[in-house]
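# Fold and contact review
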Amino acid sequence: MFNDLPTLRAPADILPQLRKLIPQRPLTYGQALTLAERQAGALRRLLNNKQAALDLSWLFALEEINVTFRPEFRMPDHTSGLTTRINDVLTIVMNASEGRLRQRFTLAHELKHVLDFDLVDTTYSRLGRGDAKRQGDQIEWICNRFAACLLMPKVWLNRLWARGIQDPLALAHVFQVSAEAMAIRLETLGFVSASEPPRDTFFRQTIVPDPPATAPIICSIA
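Residues numbered from 1 in each chain as written. Predicted model: local features only at pLDDT ≥ 70, side-chain atom pairs only at ≥ 80, totals over all residues. Heavy atoms only, no water.

## Some remarks on the overall build of the chain
Counting secondary structure elements, the chain contains eight helices and three strands. The order of α-helices and β-strands along the chain, N terminus first, is α-α-β-β-β-α-α-α-α-α-α. With 222 residues in all, the chain has 47% of them scored as buried. Excluding contacts between residues fewer than 6 apart, the proportion of contacts in the chain whose partners are at least 24 apart in sequence is 73%. (Helix = DSSP H or I, 4+ residues; strand = E, 2+ residues; numbered from the N terminus. Buried < 20%, exposed > 50% of the residue type's maximum accessible area, 1.4 Å probe, protein only. Contact = heavy atoms within 4.5 Å.)

As structure tokens, this is what we get:
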């Protein structure tokens, strides 16, 4: 499901390297979003990725985490993914009933939860201003930002947009993400005008049709 793109080799210490970027102090919401973007960019560089569509199969080879799939009826509240600790191992549990493109975003989103798992009480302690629900929502939005930056980096979108690839569905196909994820990313970065006021969306939980599940357009760095 995730090994149909050329496999990247990840450094053994890739997660510790990304965690080193996290300041050992409480962050504001804006600072946390900036950190998520910085970590996503650093991850792409550490993987020495040369293509628009990022291969995520390297995650399955990491000893530090485990990735498992469950049918939707076994997921809490029919969620797309969750991160927990099982037998002292950080485990990403994925909804096996969802489409491949949605699973790619979910996996990237949950990776951010993995990076933050033992730091939430410190890093995100000031989020929500005492409102636990708002704090939880903001953490989810931060993970969405990380996933969006990782799978649809601005530098790649700028490059392809300048080359004339400006159709949202075509770009979704190139980056191997859902049509909704790409549409919101383009709005967020200002490539297109929002048809309604900007909103935060849980890409992992909103069901929309995926672009055709055909081979991605391979765009590489010249």
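Picking up where we left off.
## Some points on the packing of helix H6 (residues 154-162) against helix H8 (residues 179-189)
Where H6 meets H8, the axes come as close as 12 Å, and the angle between the chain directions of the two elements is 90°. In terms of axis orientation, H6 runs roughly perpendicular to H8. Contact residues: Lys154, Leu157 and Trp161 in H6; Met182, Arg185, Leu186 and Leu189 in H8. Residue composition of the contact of H6 with H8, grouped by class: five nonpolar, no polar and two charged. (Axes fitted to C-alpha atoms, helices over the stretch in contact; angles between N-to-C directions. Parallel < 35°, antiparallel > 145°, perpendicular 65-115°, else oblique. Nonpolar A, V, L, I, M, F, W, Y, C, P; charged D, E, K, R; others polar.)

## Observations regarding the pattern of salt bridges
Enumeration according to the criterion identifies five salt bridges in this entry. Two residues, Asp118 and Arg85, come together in a salt bridge whose shortest N-O distance is 2.7 Å. With Asp118 in the loop between helix H3 (100-116) and helix H4 (120-123) and Arg85 in strand E2 (residues 81-86), the pair connects residues that are 33 residues apart, well separated along the chain. Using a relative accessible area of 59% as the deciding quantity, one classes Asp118 as exposed. Its relative accessible area of 36% is what places Arg85 among the partly exposed residues. When the shortest N-O distance is used, the salt bridge between Asp116 and Lys112 registers 3.2 Å. Placement of the pair is Asp116 and Lys112 together in helix H3, with a separation of four residues, close to one helical turn. (Salt bridge = Lys/Arg side-chain N within 4 Å of Asp/Glu carboxyl O.)

## Structural notes on the sheet that holds strand E1 (residues 65-70)
Spatial strand order, E1-E3-E2: three strands in an open sheet with mixed pairing. Among the strands making up the open sheet, the edge pair consists of E1 and E2. Going across the sheet, the axis of each strand differs from the next one's by a mean of 25°, ignoring polarity. Where E1 meets strand E3 (residues 89-95), six bridges bridge the pair, whose relative direction is parallel. (Pairing = 2+ DSSP bridges.)

## Brief notes about the packing of aromatic side chains
One pass over the full model with this rule turns up three aromatic pairs. Centroid distance Trp161 to Phe191: 5.0 Å. Interplanar angle 50°. Geometry classified as tilted. Remark: Phe191 occurs in the segment after H8 and Trp161 occurs in helix H6; sequence separation between them is 30 residues. In terms of burial, Trp161 and Phe191 fall into one category: buried. In this arrangement the basic side chain of Arg159 is found over the ring face of Trp156, its NZ or CZ atom lying 4.7 Å from the centre. (Phe/Tyr/Trp six-rings, centres within 6.5 Å; stacked < 30°, edge-to-face > 60°. Lys NZ or Arg CZ within 6 Å of the ring centre and 35° of its normal.)

## So, the environment of Lys20
Of note, Lys20 is situated in the loop between helix H1 (14-19) and helix H2 (29-47). Taking the relative accessible area as the measure of exposure, Lys20 reaches 70% and is therefore exposed.

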